[in-house]
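Examination of the molecular architecture
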Amino acid sequence: MPADIAARLDQVRARIRRAAESCGRDPASVRLVAVAKTFPAGHVRRAAAAGATDVGENYIQEAREKVEALSGLGLRWHFIGHLQRNKAGQAVRLFDLIHTVDSARLGAEIDRAAARMGKRQDVLVQVNVAGEATKSGVAPDEVAPLVRELSAMGALRVRGLMTMPPFFDEPERVRPFFAELRRIAERIRALGLPNAGMDELSMGMTGDFEAAIAEGATLVRVGTAIFGGRS
Ligand SMILES: *Cc1c(COP(=O)(O)O)cnc(C)c1O
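The present account deals with the structure reproduced in this document. (Residues numbered from 1 in each chain as written. Predicted model: local features only at pLDDT ≥ 70, side-chain atom pairs only at ≥ 80, totals over all residues. Heavy atoms only, no water.)

The full set close to the ligand counts 13 residues, and Lys 37, Asn 58, Thr 206, Gly 223 and Thr 224 are the nearest of them. Contact between the ligand and Arg 221: a nitrogen atom at 2.9 Å from a side-chain N or O atom of the residue. Here an oxygen atom of the ligand sits 2.8 Å away from a polar atom, N or O, in the main chain of Gly 223. Starting from 380 Å² of accessible surface for the ligand in isolation, the protein chains cover 91%. (Near = heavy atom within 4 Å. Polar contact = N/O pair within 3.5 Å; in protein donor to acceptor, adjacent residues only side chain to side chain. Areas by Shrake-Rupley, 256 points an atom, 1.4 Å probe, with all protein chains shown as cover.)

So, in structure tokens, the structure goes:
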């Protein structure tokens, strides 16, 4: 598998380029986050050697080992898992962008930790677009009030929104949820809140990233298509 990582990465990049071009977008406006959960640091190193710049991780403990082992590579690290408040400090220390803020209490914990470290922490707000009981994220009508609260926290910088839509075999059925995330971001952008840019939309995984790109994704989180299946 490791030997295939460079080839798989090339294929994913080609698919991103085609998806962007087919809807008139600049391929450079879509950043690929290589999701490495469950895979060892060596796999990430190979991806980095093949040009990967951004890595996604779901678990703090697992990420810490990889961030430390690969600290010389200049990678940008993305936290995409569920973040417990008592891990906020570690997340701030390890990650460039935290995609999964879904409450003011979690935001406040991240803000405190970032202030302590003298860091400005970039975050996204996770939105549960379909209102699924099993998924994290705020409901669509709670996004604006939450972004307003977060934007008042001095050590945070809100960069946009993230979603994990319901699973469907056909990506076209997921597309309306991506479109909804984009509309929510547009409504918030229109509020003109200071310190709350809405330039980033984190959406799309192995099965549906082309549909997400068609709806405006700027960060696609792709694991399986790069590293293979997880056991
Ligand atoms: C695991 C994971 C991904 C990557 O999923 P693949 O289907 O393997 O591409 C993307 N986003 C989140 C939040 C994940 O947990």
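For Thr 100, the position within the fold is in strand 4 (residues 97-101). Here Thr 100 is in contact with Phe 79, Ile 80, Gly 81, Leu 83, Leu 106, Leu 124, Gln 126 and Met 162, once residues within four sequence places are set aside. In this structure the side chain of Thr 100 is engaged in a polar contact, spanning 2.7 Å, whose partner is the backbone oxygen of Gly 81. (Helix = DSSP H or I, 4+ residues; strand = E, 2+ residues; numbered from the N terminus. Contact = heavy atoms within 4.5 Å.)

Turn by turn, an α-helix covers 3.6 residues, leaving residues three or four places apart pointing in a common direction. For helix 5 (residues 104-117), which comprises 14 residues, the first-to-last C-alpha distance of 20 Å matches the rise-based estimate of 20 Å (1.5 Å per residue) to within 8%. The set of residues buried in helix 5 consists of Leu 106, Gly 107, Ile 110, Asp 111, Ala 113 and Ala 114. Buried-residue contacts for helix 5 involve helix 4 (88-94), strand 4, strand 5 (121-127), helix 6 (143-151) and strand 6 (156-163). Gly 118 occupies a position one or two residues after helix 5 and carries a positive phi of about 65°. (Expected span 1.5 Å × (residues − 1). Buried < 20%, exposed > 50% of the residue type's maximum accessible area, 1.4 Å probe, protein only.)

Turning to helix 6, its buried residues number three or more, namely Val 143, Leu 146, Val 147, Leu 150 and Ser 151. Angularly, the buried residues of helix 6 cover 130° about the axis, an arc narrow enough to put them on a single face. On its buried face, helix 6 is in contact with strand 4, helix 5, strand 5, strand 6, helix 7 (175-191) and strand 7 (196-202). (Arc of directions from axis to C-beta.)

Under the criterion given, the structure shown has three aromatic pairs. Ring geometry for Phe 168 and Phe 177: centres 6.3 Å apart, planes at 20°, overall stacked. (Phe/Tyr/Trp six-rings, centres within 6.5 Å; stacked < 30°, edge-to-face > 60°.)

Bringing the nonpolar core into the picture now. In this structure, Ile 110 and Leu 161 are the most contacted members of the largest nonpolar core, which totals 70 residues. When residues of this core are assigned to their parent elements, the largest contribution, six residues, is made by helix 1 (residues 5-22). Every residue in contact with Ile 110, bar those within four places of it in the chain, is listed here: Leu 83, Ala 88, Val 92, Ile 98, Val 101, Gln 121, Val 123 and Leu 156. Core analysis: the second largest hydrophobic core is formed by five residues, Val 33, Leu 97, Met 162 and Leu 219 among them. (Core = buried A, V, L, I, M, F, W, Y, C linked by side-chain atoms within 4.5 Å.)

Turning to the pairing of strand 3 (residues 76-79), a few remarks are in order. Walk down a regular strand and you will see the side chains alternate between the two sheet faces. Pairing of strand 2 (residues 54-57) with strand 3, which is carried by four bridges, proceeds in the parallel orientation. Bridging from a neighbouring strand, Asp 54 pairs with Arg 76 of strand 3. The handedness of the strand 2 to strand 3 crossover, carried by helix 3 (residues 60-69), is right-handed. Inspection of the sheet shows strand 3 paired to strand 4 by two bridges, in the parallel sense. For His 78, the partnering residue across the bridge sits in strand 4 and is Leu 97. Assessed by its sense of winding, the connection that carries the chain from strand 3 through helix 4 to strand 4 is right-handed. (Pairing = 2+ DSSP bridges. Right-handed = clockwise from strand over helix to strand, strands pointing away.)

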